[in-house]
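So the chains spell out like this:
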Amino acid sequence: MTVNSRPGRPVILGQNQYGKAENRVVKITRDGATHHIKDLNVSVALSGDMEDVHYSGSNAHVLPTDTTKNTVFAFAKEHGIESAEQFGIHLARHFVTSQEPIQRARIRIEEYAWERIATSEANSQFIGADEVKHSFVRKGQETRLTQITYDGSSWEVVSGLKDLTVMNSTNSEFWGYVKDKYTTLQEAHDRILATSVSARWRFNWTDDEQKMPHWEKSYEQVKKHMLQAFAETYSLSLQQTMYQMGSRIINHRSEIDEVRFSLPNKHHFLVDLKPFGLKNDNEVYFAADRPYGLIEATILRDGCEPRIPVDLTNL
């Protein structure tokens, strides 16, 4: 039964999707004694001709979510994981092209980075640095993100990161703002500027006829330009710094047309040490985790339309 065969019924089915969320797959590549790790959390969402399963319960067009889970793990073996983006592209293409009812696939991936553990000198009584090539420690800087969407003809790849905490201990001011009867904040001409960066950037690669970006290199370069802009901008506001971060990415990475930031201002307040007979010369701060100012914006290449959702929590 379809929506068209439900005369007199004022209720219809709207947007819908299904799949298996948060498939945690760890792929070890063994290059002799040297091992490499890719650690992903993969969520699959499929949509298409799914009216019958909602209206009548018929599963004739439904690929089980358990099958989507199995596909994630099988593809880790069959295709390897060159990058989160490439792995998501393999999955999205497979679901849309192998299942006629499936017209759109969205793959969201979080990647958790690992790095090798620095070991002791080779002449140590233990194994030695020149022999240990299989031990790692989780990097704690940020979580890498990507979302791949495919409808059978065009691609949209939005990558990014979250939980990248950065701080400038000087070269930041905040003054000249609007003041009313509720304003108590004192102007600052030398303050700490800190934030936890959540960012997404959209690639202009949209079809298979275009040259595909080098996903790993692109991520490394975007992060580099983002951090350099944060460090090198003398900031009069977090908004100014954020714009410089996005501009640096757009100006240096031709494969990216749009960047979206969500930056919580991680406030650091000078502690009043006068009751103890001490002078606080911009040395001792109280770090407040909430409430916090939340600064958000999209930075675009001129002539491009924004497509990254404004609400980043929906990514």
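Located above this text is the structure these notes cover.
Reading guide: rules and limits
Residues numbered from 1 in each chain as written. Predicted model: local features only at pLDDT ≥ 70, side-chain atom pairs only at ≥ 80, totals over all residues. Heavy atoms only, no water. Helix = DSSP H or I, 4+ residues; strand = E, 2+ residues; numbered from the N terminus. Buried < 20%, exposed > 50% of the residue type's maximum accessible area, 1.4 Å probe, protein only. Polar contact = N/O pair within 3.5 Å; in protein donor to acceptor, adjacent residues only side chain to side chain. Phe/Tyr/Trp six-rings, centres within 6.5 Å; stacked < 30°, edge-to-face > 60°. Pairing = 2+ DSSP bridges. Axes fitted to C-alpha atoms, helices over the stretch in contact; angles between N-to-C directions. Parallel < 35°, antiparallel > 145°, perpendicular 65-115°, else oblique. Left-handed = near helix turned anticlockwise from the far one by under 90°. Contact = heavy atoms within 4.5 Å. Nonpolar A, V, L, I, M, F, W, Y, C, P; charged D, E, K, R; others polar.

**Details of the side chain of D39**
Then, in step 1: Mapped onto the fold, D39 is located in strand β2 (residues 34–48).
Then, in step 2: Given a relative accessible area of 2%, D39 falls into the buried group.
Then, in step 3: At 2.8 Å, the side chain of D39 forms a polar contact with the side chain of R24.
Then, in step 4: Side chain to side chain, D39 and W114 meet in a polar contact 3.1 Å long.

**With respect to the packing of aromatic side chains**
Aromatic ring pairs: the centre-centre distance and the angle between the two ring planes describe each pair.
Then, in step 1: For the structure shown, the criterion picks out 6 aromatic pairs.
Then, in step 2: Residues F203 and W215 carry aromatic rings whose centres are separated by 4.9 Å and whose planes lie at 85 degrees to one another, so their mutual orientation is edge-to-face. Taken together, the residues F203 in strand β8 (residues 193–203) and W215 in helix α4 (residues 215–232) connect sequence positions 12 residues apart. Note on accessibility: F203 and W215 belong to one class, buried.
Then, in step 3: Grouped by ring-pair contacts, the aromatic residues Y150, W155, F203, W205 and W215 constitute a single cluster.

**Focus: the pairing of strand β6 (residues 143–150)**
Then, in step 1: Taken across its 8 residues, β6 has 8 buried, putting it largely inside the fold.
Then, in step 2: With burial as the criterion, each face of β6 is covered, one bearing T143, L145, Q147 and T149 and the other bearing R144, T146, I148 and Y150.
Then, in step 3: Strand direction decides the pairing type here: strand β3 (residues 102–112) and β6, joined by 7 bridges, are antiparallel. Bridge pairing in β6 links I109 to T146.
Then, in step 4: The sheet contact formed by β6 and strand β7 (residues 155–168) spans 8 bridges and is antiparallel. Across the sheet, residue L145 finds its bridge partner in β7, namely G160.

**Section: the packing of α4 against helix α5 (residues 238–252)**
Geometry of a packed helix pair, given as the angle between the helix axes and the separation of the axes.
Then, in step 1: Taken N-terminus to C-terminus, the directions of α4 and α5 make an angle of 140 degrees; their axes are 8 Å apart at the nearest point. Judged by the angle between their axes, α4 and α5 are oblique. Taken as a pair, α4 and α5 cross one another with a handedness that is right-handed. Contact residues: V222, H225, M226, Q228, A229, F230 and E232 in α4; T241, Q244, M245, R248, I249 and H252 in α5.
Then, in step 2: Taken together, the residues of the contact of α4 with α5 break down into 6 nonpolar, 5 polar and 2 charged.

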